[in-house]
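# Fold and contact review
What follows is each chain in one-letter form.
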Amino acid sequence: MLEEPAVTAAGYRSKQVIEMMYWNGMNGWGYAVMMAGNVIFWAALITGVVLLARHLGRASRPPVRTDLPSAEEFLAQRYARGEIDTEEYQARLDTLRRARVDA
């Protein structure tokens, strides 16, 4: 059998301890890259969760109605439902048309 050479305190053992301590030669830049990668990972994960929550929250809301009737159409609908009489309808319609011409 072959015998291992004698290991001195300043020889192989100290190099092995240093390599274990610095993860096989990882220096300050290695730690900086590892920390930056960790921060980027968590930022991406949190951003993904927030965007997913916004998307799911938006999908459950009813759509916003953009085709609202004009003032004259609204007035005509009230007249058609019988909420106002002919005189009131004519007076309000004249007021609306005068306001539009003045503007």
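Whatever comes next refers back to the structure up there.
Each value, and the rule that gives it
- Residues numbered from 1 in each chain as written.
- Predicted model: local features only at pLDDT ≥ 70, side-chain atom pairs only at ≥ 80, totals over all residues.
- Heavy atoms only, no water.
- Helix = DSSP H or I, 4+ residues; strand = E, 2+ residues; numbered from the N terminus.
- Buried < 20%, exposed > 50% of the residue type's maximum accessible area, 1.4 Å probe, protein only.
- Areas by Shrake-Rupley, 256 points an atom, 1.4 Å probe, with all protein chains shown as cover.
- Phe/Tyr/Trp six-rings, centres within 6.5 Å; stacked < 30°, edge-to-face > 60°.
- Salt bridge = Lys/Arg side-chain N within 4 Å of Asp/Glu carboxyl O.

### Things to note about the overall build of the chain
When you go through the chain residue by residue, the secondary structure sums to four helices and zero strands. Starting at the N terminus and walking to the C terminus, you meet the elements of the chain as α-α-α-α. Taken across its 103 residues, the chain has 5% of its residues classed as buried. Accessible surface, the chain: about 9,500 Å² in total, of which carbon and sulfur atoms supply 64%.

### Describing the packing of aromatic side chains
For the coordinates displayed, the defined rule picks out two aromatic pairs. Seen in terms of ring centroids, Phe 41 and Trp 42 are 5.2 Å apart; in terms of plane orientation they differ by 75°. Their pairing is edge-to-face. In this structure Phe 41 comes out as partly exposed when scored by relative accessible area, which is 47%. The interplanar angle of 20° and the centroid separation of 4.5 Å between the aromatic rings of Tyr 79 and Tyr 89 together place this pair among those described as stacked. Here Tyr 89 lies in helix H4 (residues 86-102) and Tyr 79 lies in helix H3 (residues 71-81), a separation of 10 residues in the sequence.

### What to know about the pattern of salt bridges
Using the criterion set out here, one finds four salt bridges in the structure. Residue Arg 78 pairs with Glu 83 through a salt bridge whose shortest N-O separation is 3.1 Å. The class for Glu 83 is partly exposed, based on a relative accessible area of 46%. Taken together, the shared-partner salt bridges connect Arg 78, Arg 81 and Glu 83 into one network.

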